[in-house]
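Examination of the molecular architecture
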Amino acid sequence: MSEFIITYTPCFRKNMIKELLEIDSNIKIKDVFSSGILSISTNLDTYDFINHLLQKSPIFIKHIMPIFLKGKITGNLFEDRIRILEQMEKIAMLNGCDPFSVQCRIVNGGSNGLGYSSKDMEVFLGTYYEGLGNIPVFSDSSLKNDNVKILSVLINKNDYYLGFSTSTENLNFSCDEYRIFSRNGREISRAENKLKEALSKFNIRLNGAGCALDIGAAPGGWTKVLADYGYYVVAVDPGRLKPELYNNPKIKHYQCRIEDLQFENYFDIIVNDMNVDPQTTARIMNTLSCILKDNGLAIVTLKLPDKVEEDIKESTEILNENYDIVTIKSLFHNRQEVTSLLKKKPLQRCKTRKQTLL
Ligand SMILES: C[S@@+](CC[C@H](N)C(=O)[O-])C[C@H]1O[C@@H](n2cnc3c(N)ncnc32)[C@H](O)[C@@H]1O
C-alpha cells in the first residue's frame, strides 16, 4: 500500500484516471487539492507503482510524488521550516555529495493566510542540504531530466506532505513547471514556453546548426526559440509574426498555408503547432517527412478538442507511416492538446514520399 500526489491537466482528468487504473484497478482517490492535483492510494508498494508507470510512459499523468510522511503546519515560517526539516531528515537519503533539488508547492495556501512562499521553504531546506556537501540542481539547470534526488514538499491548507524520490521516478523534473517556465515578459507568445518545456521534457539538446521549419508559426514564439538556438528558421503561417522578428536575418516568413508551398531544401528539424485537427497535422507531417533529414526530429502538437483517445490513436497511426513516435506527453503548457516527439524513419521504411501537400 502506498500513496502518491498526481498532477494532470484538468480537461484530461478522465484519461489520467484511466492510465492510473491500468496500473492498479483498485486505486482510490483520497483528496482533490485543486483542479489538476490530487492524491491517491494504491495497493502496490511505492516502487512497484513507480516502475509500472515508468514502463507505461503515460501521456496524461504529468508528475507524481510519493507521500512518505505527512503532518500539520502552523502557518508560521520559522516553526514550519524546522518542523518540515526534522521530518525530511527521516526520509531524505542524501550521501553528502548527491545532486539534489528541493521542490515545494503550496496549494490553497493563500486563503488561510499562509505568510510564506514555496521559495522560502525551498531556500531553507536547500541551504541545509547544500551545507552538508550535496550539490543543488536548480530548475533552470541544463540537467533537468537527469536523475537528481528530489525532496518534495506539498502544503495544502493546514497539511504538509513529504516525499523523497528521483526526478525520473517523479516522471518529470519539476512539480511546478508553470513557475519554472513562467512568463518573463519577453516572450513572443505563451507558446514559446511550450516549446522550451518540450525540449526540456524530451531531453533534446539542440545544436542550432542548419535549418528549421516552423509550421503554424504565428505570432512567432517557437520561431524565436529556434532562431535563438542558432537555426535559420523558415516560418510558415497565413498570420503575421511579431514585428520584431522581421528584423531577424535568421528568420524567413512565408505568409501562407503550408499546403501552398514546395521546398527544395532539407531541414534539420521540423516543428508544428498548427491549430488544425490532429489527423490533418499527421498527414501534413507525413508529406513533409521527405524534406526532413534522416533521423531528423519533429516536435508536433496534437490538438484534441473532444475525442481524445480516438484522435491520438488515428493520428499516430498516420504518423507511423513515416515517423517513429518517440513519446507523447501532456505538458504543463499544453491546454487541450498534447505534444509529440517524432523521429523520421529511414527512407526505405517510409510510406509517403510525395511532397505535394494538397
Ligand atoms: C497556436 S498558433 C501557433 C503559435 C506559435 N507556435 C507560436 O509559438 O507563436 C497556431 C497557428 O497555426 C496556424 N495555421 C493553421 N492552419 C495552418 C496551415 N494550414 N498552414 C500554416 N499555418 C496554419 C494559424 O494561423 C495559427 O497562427
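Structure report, in brief.

The rules behind the values
- Residues numbered from 1 in each chain as written.
- Predicted model: local features only at pLDDT ≥ 70, side-chain atom pairs only at ≥ 80, totals over all residues.
- Helix = DSSP H or I, 4+ residues; strand = E, 2+ residues; numbered from the N terminus.
- Contact = placed C-beta atoms within 7 Å.
- Expected span 1.5 Å × (residues − 1).
- Buried ≥ 20, exposed ≤ 12 C-beta atoms within 10 Å, placed from the backbone.
- Arc of directions from axis to C-beta.
- Axes fitted to C-alpha atoms, helices over the stretch in contact; angles between N-to-C directions.
- Parallel < 35°, antiparallel > 145°, perpendicular 65-115°, else oblique.
- Left-handed = near helix turned anticlockwise from the far one by under 90°.
- Nonpolar A, V, L, I, M, F, W, Y, C, P; charged D, E, K, R; others polar.
- Near = placed C-beta within 6 Å.
- Core = buried A, V, L, I, M, F, W, Y, C linked by C-beta atoms within 7 Å.
- Domains from an automatic or database assignment.
- Pairing = 2+ DSSP bridges.

This part is about the overall build of the protein chain. Along the backbone of the protein chain there are nine helices and 16 strands. Considering only intrachain contacts with a sequence separation of at least 6, the fraction spanning at least 24 residues in the protein chain is 67%.

Between its first and last C-alpha, helix H9 (residues 308-319) extends 16 Å over 12 residues, near the 16 Å set by a 1.5 Å rise per residue. Taken together, the buried positions of H9 are occupied by Val308, Ser315, Ile318 and Leu319. Along the axis of H9, the buried positions cluster into a sector of 105 degrees, meaning they face one direction only. Among the exposed residues of H9, those pointing more than 90 degrees away from its buried face are Glu310, Lys313 and Glu317. Its buried side turned inward, H9 meets helix H1 (13-23), helix H8 (278-288), strand E14 (292-303), strand E15 (323-329) and strand E16 (337-344).

Moving on, we come to the packing of helix H3 (residues 77-91) against helix H4 (residues 118-131). The contact between H3 and H4 brings their axes to 10 Å, and the two run at 50 degrees. Classed by the angle they form, the pair H3 and H4 counts as oblique. Relative to H4, H3 is oriented so that their crossing is right-handed. Every residue of H4 that contacts H3 at Leu77, Arg81, Ile84, Leu85 and Met88 is listed here: Asp120, Met121, Phe124, Leu125 and Tyr128. For the contact of H3 with H4, a count of residues per class yields eight nonpolar, no polar and two charged.

The environment of the ligand is made up of 23 residues, and the closest members are Ser189, Ala191, Gly216, Gly221 and Asp273. At the level of secondary structure, the elements contributing two or more residues to the shell around the ligand comprise helix H6 (191-201) and helix H7 (221-229). Among the residues making up the shell around the ligand, the classes are represented as 12 nonpolar, six polar and five charged.

We now examine the nonpolar core. One finds Ile61, Ala212 and Ala298 to be the most contacted residues of the largest nonpolar core, which totals 88 residues. Each of domain 1 (2-178) and domain 2 (181-349) contributes no fewer than three residues to this core. Leaving out residues up to four positions away in the same chain, Ala298 has contacts with Ile269, Ile270, Val271, Asn272, Met285, Leu292, Tyr323 and Leu342.

A word on the environment of Ala209. With respect to the element layout, Ala209 can be found in the loop between H6 and strand E10 (211-215). As a C-alpha pair, Ala209 and Tyr229 span 20 residues in sequence and 8.3 Å in three-dimensional space. Residues contacting Ala209, with those up to four places away along its chain left out, are Gly230 and Asp268.

The strand order across the open sheet built from four strands is E2-E3-E1-E4, with neighbouring strands paired in antiparallel fashion. Here the strands that pair on one side only, and so sit at the sheet edges, are strand E2 (28-34) and strand E4 (63-66). On average, each strand axis in the sheet is inclined to that of its neighbour by 25 degrees, with strand direction left out of account. Relative to strand E3 (residues 37-42), E2 runs antiparallel, the two being bridged by five bridges. Residue Asp31 lies in a different strand from E3, and its bridge partner there is Ser39. Running over the sheet, helix H2 (residues 46-56) touches strand E1 (2-7), E3 and E4 and is turned about 35 degrees from E1.

Take the sheet that holds E14 next. With mixed pairing, the seven strands of this open sheet are ordered in space as E12-E11-E10-E13-E14-E16-E15. The open sheet is flanked by strand E12 (251-254) and E15, the only strands paired with a single partner. Each strand axis lies, on average, 15 degrees off the axis of its neighbour in the sheet, ignoring direction. As paired strands, E14 and E16 are joined by seven bridges and run antiparallel to one another. Residue Ala298 lies in a different strand from E16, and its bridge partner there is Leu342. On the sheet, H8 packs against strand E13 (267-272), E14 and E15 and is oriented at approximately 170 degrees with respect to E14.

That's the geometry; what it means functionally is another story.
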